[in-house]
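This is what each chain is made of:
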Amino acid sequence: VSNLWLSSLTDDEQIQLTRGTATHTRPRWSPDGKLITFLSTRPLPAEAAGQSAAKPDTTQLWAMSSRGGEPWPLTTLERGVKTYEWRSEETIVITAEEAPTLHEKKVQKRKDTSRVVEDEVHTPPVRLFQLIVEDGRIERLTDNTDWIDLLSVSPDGRWAVTRHQRSLSFEYDNRVLPVTMLTDLETSEQSIIFEGTRIIPQAVEWSLDSSGFYAVSPHTTHPKYIMAFIALLYHYDVAGRNHRRVDLDWDAGVALAFDPAGSDLVGVQATGDGFIALLAAGVRFKPARYVRTGDQWSRAWITGEHERNIFGWNLAPDGSTVVYDHSTASTPGQWFRGDLNGTDLESAFRITHLNPGFDDKPMPRSEMVTWIGALDEKVDGVLHYPLGYREGERYPLMLMIHGGPTGFDMDRWELHFARYMPLLAQRGSFVLRVNYHGSGNYPLEWVESISNGLY
């Protein structure tokens, strides 16, 4: 369950916007700032529910006034909404599954509840639709027969980039690659881009003038499987219909940084003269600014009070205001606002007060450790100390190993069913989390080394 809060960027004020047991995600401001839209599984109002065939707990698109008040549903689709982006003050582009086919209705009528796995013939396609906010009218924009699972709309509302899965089993067999489409939202004309390459956008960030976009894509040396990889960055030029790889001057690639509000990868943020990026750097991310000159980008490191422990960020259109996620392995995460002045991140101001119940609880000390491990190579880890640690005394050591296998542990706060370091520290134990060979967030040679040439 997740709820929405409104945080002031200038004052120490937070306002809870939603409550209850439904899940609320992906909040977005309308272009004019008058509405806040979000996805939610909350029950539809009685009147809307009576007119809709939507099943309970489907994810619909909702809106509320930015001045407060009761939210209302913008959609009542039978299968719900996958994702969405504002196109203009009047329209929103959404992705959703098509309505049930005659085959599905017959199956439902027979009360057949079996589910065929990888039924590509009958699995409903996920298409692009346009929602007219004023009257709730929905228009189909595409008639594709595959499954859109990524959407990014250009700032001027003219273009949409979508990623289309062409196989329901791609996640584990990597046989049929997805395709990336560029859609002209004014004409609905579509074209395949990155054709003939293995560029599979994991995230798309448009330039502010809508002339092109940056795409984060996995890179591996394996001819088939995209399992052990680093993330590279590409720039696509809309007018020229061409792309080029951005030379990051960094062998570990772009960090895969997630925005908790919408599960988007937000490591790359466009600026007026290029972009800022969080780069993969072992137990941390490394913030950098890239300035474009012609077809080249030059890098400079971003510095500031929290530079070593930023794990996600968003840059406002003014090119200066940044909100970012900051924590350490022994400091619970909070969001801050800062001012980006060139490469200086200044005036850090905390804008959230998450998990106030942690404030009075003891937190175990942590530190980053390095040693020479297998193959005589440097290995990194995160070490958590027992509560009440006294130097010179002996304590038990617990190893807490990440999965993935290309996952990685960071100097970042974690506390959940699989990561409970403070509880072990309370029992008087050291806890060591190791970024062994094969861990992500390192150069490709390290990430691929776990395979021993076999995968």
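Relevant structure appears above.
Worth saying up front: this structure is predicted, and the values here are computed from it rather than measured.

Trainee: Looking at this structure, how should I read the pattern of salt bridges?
Mentor: Charged atoms that come close allow side chains of opposite charge to pair. Enumeration according to the criterion identifies 25 salt bridges in this entry. With a shortest N-O distance of 2.8 Å, Asp-149 and Arg-163 are connected by a salt bridge. Of this pair, Asp-149 sits in strand 11 (residues 147-153) while Arg-163 is found in strand 12 (residues 159-165), placing the two residues 14 residues apart along the sequence. Its relative accessible area of 37% is what places Asp-149 among the partly exposed residues. Of the residues examined, Arg-163 reaches a relative accessible area of 12% and is grouped as buried. A single network of salt bridges, built from pairs that share partners, joins Asp-409, Glu-414, Arg-419 and Arg-433.

Trainee: Just checking my understanding: could you explain the sheet that holds strand 4 (residues 35-40) for this structure?
Mentor: Hydrogen bonding along the main chain pairs the strands of a sheet, whether they run parallel or antiparallel. One open sheet holds the 4 strands; their spatial order is 3-4-5-6, and the pairing between them is antiparallel. Two strands lie at the open edges of the sheet, namely strand 3 (24-29) and strand 6 (72-73), each paired on one side alone. Here strand 3 pairs with strand 4 via 4 bridges, running antiparallel. Paired with Trp-29 across the strands is Ile-36, a residue of strand 4.

Trainee: Any chance you could explain the sheet that holds strand 15 (residues 203-206) here in plain terms?
Mentor: Taken together, 4 strands build an open sheet; the order of strands is 15-16-17-18 and the sheet is antiparallel. Both edges of this open sheet fall to strand 15 and strand 18 (242-245), since each of them pairs with a single strand only. For this sheet the average axis-to-axis angle between neighbouring strands, irrespective of direction, equals 30°.

Trainee: Sorry, what's going on with the nonpolar core here?
Mentor: In summary, soluble globular proteins display a tendency toward joint burial of nonpolar side chains. Within the largest apolar cluster, 19 residues are counted, with the highest numbers of intra-cluster contacts made by Leu-182, Phe-194, Trp-206, Phe-213 and Tyr-236. At the level of secondary structure, the elements contributing two or more residues to this core comprise strand 12, strand 15, strand 16 (212-219), strand 17 (230-237) and helix 5 (444-448). Excluding residues that lie within four positions of it along the chain, Leu-182 makes contacts with Trp-159, Ala-160, Val-161, Glu-189, Gln-190, Ser-191, Ile-193, Trp-206, Tyr-236, Val-238 and Arg-241. In this structure, Ala-255, Phe-285, Ile-302 and Phe-336 belong to the second largest nonpolar core, which totals 16 residues.

Trainee: Quick question: what am I supposed to make of unusual backbone geometry here?
Mentor: Leaving glycine aside, a negative phi is the common case for residues, and trans is the common case for peptide bonds. Of the consecutive residues Gly-404 and Pro-405, the connecting peptide bond is found in the cis state with omega at 0°. Tracing the backbone through its elements, the reader meets Pro-405 in the loop between strand 30 (397-399) and helix 4 (421-426). The phi dihedral of Ser-188 falls on the positive side, at around 65°, and the residue is not glycine. When you line up the elements, Ser-188 lands in the loop between strand 13 (179-184) and strand 14 (190-193). Of note, Asp-249 is a non-glycine position whose phi angle comes to about 55°, a positive value. For Asp-249, the position within the fold is in the loop between strand 18 and strand 19 (268-271). Looking at Asp-249, the relative accessible area reads 53%, which means it is exposed.

Trainee: I tried to follow a nonpolar patch on the surface on my own but got confused; where do I start?
Mentor: A cluster of nonpolar side chains, contributed by Leu-397, Leu-399 and Ile-401, occupies part of the molecular surface with about 290 Å² of accessible area. Along the chain, the position of Leu-397 falls in strand 30.

Trainee: When you look at the side chain of Ser-330 in this model, what are you seeing that I'm missing?
Mentor: Looking at the element boundaries, Ser-330 is found in the loop between strand 25 (321-328) and strand 26 (331-341). Among the polar contacts made by the side chain of Ser-330, one reaches the side chain of Ser-366 at a distance of 3.2 Å.

Trainee: Hey, could you run me through the side chain of Thr-352 in this one?
Mentor: Tracing the chain through its elements places Thr-352 in the loop between strand 27 (344-350) and strand 28 (366-372). A distance of 2.9 Å separates the side chain of Thr-352 from the backbone nitrogen of Trp-335, its partner in a polar contact. Residues within four places of Thr-352 in sequence aside, it is in contact with Ser-7, Gln-14, Gln-334 and Trp-335.

Trainee: In this structure, what is going on with the pairing of strand 9 (residues 126-132)? I would like to understand it.
Mentor: Among the 7 residues of strand 9, 7 are classified as buried, and the element is accordingly described as predominantly covered. Residue alternation in strand 9 divides its side chains into two sets, Val-126, Leu-128, Gln-130 and Ile-132 and Arg-127, Phe-129 and Leu-131, and both sets are buried. Two strands pair when backbone bridges link them, and strand 8 (residues 91-97) and strand 9 are joined in this way by 7 bridges, in the antiparallel orientation. Looking across to strand 9, one finds that Glu-97 is bridged to Val-126.

Trainee: How do you make sense of a negative patch on the surface when you look at a structure like this?
Mentor: On the surface, a cluster of negative charge is contributed by Asp-32, Glu-89, Glu-90 and Glu-134. Here Glu-90 shows up in the loop between strand 7 (83-86) and strand 8.

Trainee: Would you mind going over the environment of Tyr-84 with me for this structure?
Mentor: Structurally, Tyr-84 can be placed in strand 7. With 46 residues separating them along the chain, Tyr-84 and Gln-130 place their C-alpha atoms 9.4 Å apart. The contacts of Tyr-84, once residues within four sequence positions are left out, are Arg-26, Pro-27, Arg-28, Thr-37, Phe-38, Leu-39, Leu-61, Ile-92, Val-93, Ile-94 and Leu-151. A distance of 2.8 Å separates the side chain of Tyr-84 from the backbone oxygen of Arg-26, its partner in a polar contact. At 3.0 Å, the side chain of Tyr-84 and the backbone oxygen of Thr-37 are in polar contact.

Reading guide: rules and limits
Residues numbered from 1 in each chain as written. Predicted model: local features only at pLDDT ≥ 70, side-chain atom pairs only at ≥ 80, totals over all residues. Heavy atoms only, no water. Salt bridge = Lys/Arg side-chain N within 4 Å of Asp/Glu carboxyl O. Helix = DSSP H or I, 4+ residues; strand = E, 2+ residues; numbered from the N terminus. Buried < 20%, exposed > 50% of the residue type's maximum accessible area, 1.4 Å probe, protein only. Pairing = 2+ DSSP bridges. Axes fitted to C-alpha atoms, helices over the stretch in contact; angles between N-to-C directions. Core = buried A, V, L, I, M, F, W, Y, C linked by side-chain atoms within 4.5 Å. Contact = heavy atoms within 4.5 Å. Patch = residues over 30% accessible without salt bridge, like charges linked within 9 Å, V, L, I, M, F, W, Y side chains within 5 Å. Areas by Shrake-Rupley, 256 points an atom, 1.4 Å probe, with all protein chains shown as cover. Polar contact = N/O pair within 3.5 Å; in protein donor to acceptor, adjacent residues only side chain to side chain. Lys, Arg positive; Asp, Glu negative; His and termini not counted. Charge placed at Lys NZ, Arg CZ, Asp CG, Glu CD.

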